[in-house]
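Fold and geometry: a report
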Amino acid sequence: NAGVTQTPKFQVLKTGQSMTLQCAQDMNHEYMSWYRQDPGMGLRLIHYSVGAGITDQGEVPNGYNVSRSTTEDFPLRLLSAAPSQTSVYFCASSYAPGGGQYFGPGTRLTVL
Amino acid sequence: GQQVMQIPQYQHVQEGEDFTTYCNSSTTLSNIQWYKQRPGGHPVFLIQLVKSGEVKKQKRLTFQFGEAKKNSSLHITATQTTDVGTYFCADNSGYSTLTFGKGTMLLVSP
């Protein structure tokens, strides 16, 4: 099992550009989520999904969109990148919403 | 999710010393999870505590959940350099959402 995979590992964007961060898991987990990690702020939940076709907002959803068309994939879209979105993004999955989460390796995003 | 406060923010110990990090909430937690993140790495799930007063051990790590379910602690006995990283607690009271504390960064000098 590859676990949770994320691409790309690093990305530099200019303000106003859009992009999609990819996340996939091969553990047949129903629950998937996206977090951003900023220095001194811990991990903050952006969006989450409890199953294919179902998504909901977390603590900091503004500027991000998600969709969940399959159990395996949960992409995160930045609509119009802003410097405030410079961060490390982690995707995670678990067998159930209350279970321990498996994190991907992260995407380090810089917005200039 | 509720807000969980972690203390200390940072601790530097000599190898062989013990280390404890605390996670506190003003309201009752349904359960608490602990994660470890090595420098440059991703968070790794360590354990989940559910019951009041629960104590669980993983080798040199001891996890406790308070009797009132408002606090939790992680204690490492005789730290090693491999224990370096940031330790996070996370509140699962929101059921579908986890609220993470800001973490305790542990540095261990040989």
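Description of the structure in this document.

What counts and how
Residues numbered from 1 in each chain as written. Chains lettered and ligands numbered in written order. Predicted model: local features only at pLDDT ≥ 70, side-chain atom pairs only at ≥ 80, totals over all residues. Heavy atoms only, no water. Contact = heavy atoms within 4.5 Å. Buried area = accessible area lost by both parts, 1.4 Å probe. Salt bridge = Lys/Arg side-chain N within 4 Å of Asp/Glu carboxyl O. Polar contact = N/O pair within 3.5 Å; in protein donor to acceptor, adjacent residues only side chain to side chain. Helix = DSSP H or I, 4+ residues; strand = E, 2+ residues; numbered from the N terminus. Nonpolar A, V, L, I, M, F, W, Y, C, P; charged D, E, K, R; others polar. Patch = residues over 30% accessible without salt bridge, like charges linked within 9 Å, V, L, I, M, F, W, Y side chains within 5 Å. Areas by Shrake-Rupley, 256 points an atom, 1.4 Å probe, with all protein chains shown as cover. Buried < 20%, exposed > 50% of the residue type's maximum accessible area, 1.4 Å probe, protein only. Pairing = 2+ DSSP bridges. Axes fitted to C-alpha atoms, helices over the stretch in contact; angles between N-to-C directions. Disulfide = S-S within 2.5 Å.

1. Comments concerning the interface of chain A and chain B
Interface extent is often summarised as the accessible area lost during association of the parts. In this complex, chain A contributes 19 residues to the contact, which on the side of chain B involves 17 residues. Between chain A and chain B, the buried area comes to about 1400 Å², and carbon and sulfur atoms account for 57% of it. Summed over the shared surface of chain A and chain B, the result is 0 salt bridges. If you look at where chain A meets chain B, you find 5 residue pairs in polar contact (both at pLDDT 80 or more). Looking at the side of chain A that touches chain B, the elements with two or more residues in it are strand E4 (31–38) and strand E5 (42–51) of chain A. No other element matches the 5 residues that E5 of chain A contributes to the side of chain A that touches chain B. Per-class residue counts for the side of chain A that touches chain B are 11 nonpolar, 8 polar and no charged.

2. A look at a nonpolar patch on the surface
Residues and elements named next belong to chain B. On the surface, Tyr 10, Met 105 and Leu 107 cluster together into a nonpolar patch covering about 280 Å² of accessible area. Secondary-structure assignment places Tyr 10 in strand E2 (residues 10–14). Judged by relative accessible area, which is 44%, Tyr 10 ranks as partly exposed.

3. Observations concerning the sheet that holds strand E6 (residues 55–58) of chain B
All names here are of chain B. With antiparallel pairing, the 5 strands of this open sheet are ordered in space as E1-E3-E8-E7-E6. In this open sheet, the two edge strands, each paired with only one partner strand, are strand E1 (5–7) and E6. Across the sheet, the mean angle separating the axes of adjacent strands is 15 degrees when strand polarity is ignored. Here strand E7 (residues 61–65) pairs with strand E8 (residues 71–76) via 5 bridges, running antiparallel. Bridged to Thr 62 within E8 is His 75.

4. Looking at the state of the cysteines
Linking two cysteines covalently through their sulfur atoms gives a disulfide. Residue and element names in this part refer to chain A. This model, assessed by the stated rule, comprises 2 disulfides over all chains. Residue Cys 23 pairs covalently with Cys 91 via a disulfide, S to S 1.8 Å. Across the S-S bond linking Cys 23 and Cys 91, the dihedral sits near -70 degrees, which makes this disulfide left-handed. Of this pair, Cys 23 sits in strand E3 (residues 19–25) while Cys 91 sits in strand E9 (residues 87–94), and the two are 68 residues apart along the sequence.

5. Section: the sheet that holds strand E7 (residues 64–66) of chain A
Residue and element names in this part refer to chain A. In space, the 4 strands of this open sheet follow the order E1-E3-E8-E7, with antiparallel pairing throughout. The open sheet has two edge strands, strand E1 (4–7) and E7, and neither has a second partner. With strand direction ignored, the average angle separating the axes of adjacent strands in the sheet is 20 degrees. Pairing between E7 and strand E8 (residues 76–78): 3 bridges, direction antiparallel. If you follow Asn 65 over to E8, its bridge partner there is Arg 77.

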